[in-house]
Amino acid sequence: MDFKLSEEEEKRRKEFFEGCKELSKEKPKDFIDGIEAEYEKANQPYITRCRKEFAKRGWLRLGWPPEYGGVGSHMDRVFFGEARGYYVLPGVDIFGIEMLAPTLLAMGNKEVKDRYLPGIGDGDTLWCELYSEPNAGSDLAAVTATAIRKGDEYVINGQKTWTTNAHNADWGFGLFRTDPQGRKRRNISFLLMDMKAPGITINPLEYLNRMHMYNEVFFDDVHVPADQIIGEENQGWAVSQALVNFERSNVLAVSAVGRLLETLVEYCNETKVGGKPLAQDPFIRNKVAEMAVEIEASRTLAYYIADQQNRNQLAALFESSAAKVFIGDIYERLGALGTDILGSYGQVSASRWARQRGVWESMYQAAFVLTISMGTNEIQKNIIAWYGLNMPRPLSPVSVEKALATAQAAK
Ligand SMILES: Cc1cc2nc3c(=O)[nH]c(=O)nc-3n(C[C@H](O)[C@H](O)[C@H](O)COP(=O)(O)OP(=O)(O)OC[C@H]3O[C@@H](n4cnc5c(N)ncnc54)[C@H](O)[C@@H]3O)c2cc1C
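Residues numbered from 1 in each chain as written. Predicted model: local features only at pLDDT ≥ 70, side-chain atom pairs only at ≥ 80, totals over all residues. Heavy atoms only, no water.

**Points about the overall build of the protein**
Looking only at helices and strands, one finds 12 helices and 10 strands in the protein. Computed over its C-alpha atoms, the radius of gyration of the protein comes to 23 Å, within 12% of the 22 Å expected for a compact globule of 411 residues. Expressed along its principal axes, the backbone C-alpha trace of the protein runs to roughly 75 × 65 × 45 Å. For the protein, the residues scored as buried account for 49% of the 411 residues in total. (Helix = DSSP H or I, 4+ residues; strand = E, 2+ residues; numbered from the N terminus. Rg over C-alpha atoms; globule rule 2.2 N^0.38 Å. Buried < 20%, exposed > 50% of the residue type's maximum accessible area, 1.4 Å probe, protein only.)

This is the structure in structure tokens:
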């Protein structure tokens, strides 16, 4: 890939940054920033304003084919993500826009695309992801919620958990066991469903401060039309893997940390300790510069993934995992660096002693979720080892027993 942007690309990138800058001027003073901003009740009017503006400009259809009203390329998607991240703008439903839409485009049939893409591209429908269960997180293929085919419907029973935004979503996509006796990974299907369907119960899982982002979702004989399956019956694992790939290759966080680093640099330039600006301290300069280099490297990785996806939508499996681990790690370390540099001020947010609106304390507390959501970093490292580095998978206990028995027999 040629990392130098063409004149046309530079121009497009600038348009996204200018559009987002304009919209950021309308951000209410009491807007609650942070990883959960998209789901805060009080933020909703501004979130809707942003979503509608993005839809009007066609920015929710970036990289889509023209027959679905698509504009621009995957690279534009990256530029838009960067601009939104930089100005910390909400209004993009990551489940519909970032995950489901590219998956439908790559793997859905025409009927399904015609039915669901317009609502996503117009910002009219919100989606949620029904993957995790109490006993199926990292080992996602262990899902036990069932979808049993009866005539031209599936009947769903079971439970999902950690479902972000299920309480606001119009639609959900998820993994359900369609062949309870079948082999693992060959017994699961990927289904879309109306979240208002009878038999669905959504219970909030609130934070200690009562913030509501996640939910438990229960299914009690929920009827879903059979044509809401994506891909073949019992082949949902492949669809889910394509989807998580899109989920992890998001550049938004790269840009958000870039902006935060700028804020930290401002603080170091303005704050004097012992009569000298912090920015003159060689230790601080070194740490901040290291962070800037790593952020730049993660931006390059995000561009590379977008370029691969431009050529083939299903490309960049382990690179997406690498990007996810890398940016999550940077986020955590930048949080730690910021709180370190601010010293005692870095430990408060809702206080008159808070500096920079208390962003460092809340960032430090929230950063770790990025190492869990979208599949934990340990699981991503396994993917990188297996698919990126061709390293062998560890033997399961059963295989170890078999290998030992074979070795014994050979003696
Ligand atoms: C902010 C956030 C939002 C989320 N939103 C959603 C959502 O909308 N929809 C949804 O379906 N889910 C969602 N989740 C759930 C998320 O996908 C799971 O938490 C994640 O996949 C981990 O599963 P688990 O919590 O069951 O942990 P476990 O799988 O129980 O893992 C526990 C620990 O063991 C480690 N581990 C497990 N297996 C291995 C292995 N083979 N090798 C090495 N280490 C291993 C893990 O890395 C982890 O550290 C969300 C989570 C977070 C934090």
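Following the structure, the description resumes.
**Things to note about the site of the ligand**
Taken together, 16 residues surround the ligand, and among them S132, S138, T164, T376 and E378 come closest. Here an oxygen atom of the ligand and a backbone polar atom of S132 are 2.7 Å apart. Between the ligand and N382, the relevant distance is 3.3 Å, taken from a nitrogen atom to a side-chain nitrogen or oxygen of the residue. Notes on the ligand: free accessible area 980 Å², of which the protein chains cover 64%. With three residues, the single largest contributor to the shell around the ligand is helix α11 (residues 377-388). In terms of residue class, the shell around the ligand is built from six nonpolar, eight polar and two charged. Residues from two domains meet in the shell around the ligand; each of domain 2 (129-235) and domain 3 (249-388) gives at least three. (Near = heavy atom within 4 Å. Polar contact = N/O pair within 3.5 Å; in protein donor to acceptor, adjacent residues only side chain to side chain. Areas by Shrake-Rupley, 256 points an atom, 1.4 Å probe, with all protein chains shown as cover. Nonpolar A, V, L, I, M, F, W, Y, C, P; charged D, E, K, R; others polar. Domains from an automatic or database assignment.)

**Some points on the pairing of strand β7 (residues 212-225)**
Where strand β3 (residues 153-160) and β7 come together, eight bridges link them in antiparallel fashion. Bridged to I156 within β7 is V222. Here strand β6 (residues 200-206) runs beside β7; their pairing, made up of seven bridges, is antiparallel. Bridge pairing in β7 links N203 to E216. Count of turn residues in the β6/β7 antiparallel hairpin: five residues, of which R210 carries a positive phi of about 75°. (Pairing = 2+ DSSP bridges.)

**A short note on the domain arrangement of the protein**
Split by domain assignment, the protein resolves into domain 1 (7-92), domain 2 (129-235) and domain 3 (249-388). Each of domain 1 and domain 2 has a C-alpha centre, and the two are 29 Å apart.

**Points about unusual backbone geometry**
If you check the backbone angles, Q356 has positive phi at about 50° while not being a glycine. Along the chain, Q356 turns up in the loop between α9 (317-342) and α10 (359-366). Look at Q356 and you get partly exposed, because its relative accessible area is 22%. The backbone of M374 shows a phi angle near 65°, a positive value even though the residue is not glycine. Inspection of the secondary structure puts M374 in the loop between α10 and α11.

**Thoughts on the pairing of strand β1 (residues 127-130)**
Here β1 shows no split at all, with W127 and E129 on one side and C128 and L130 on the other all buried. Two elements, β1 and strand β4 (residues 171-177), share four bridges in a ladder whose sense is parallel. Within β4, the residue paired with E129 across the bridge is F173.

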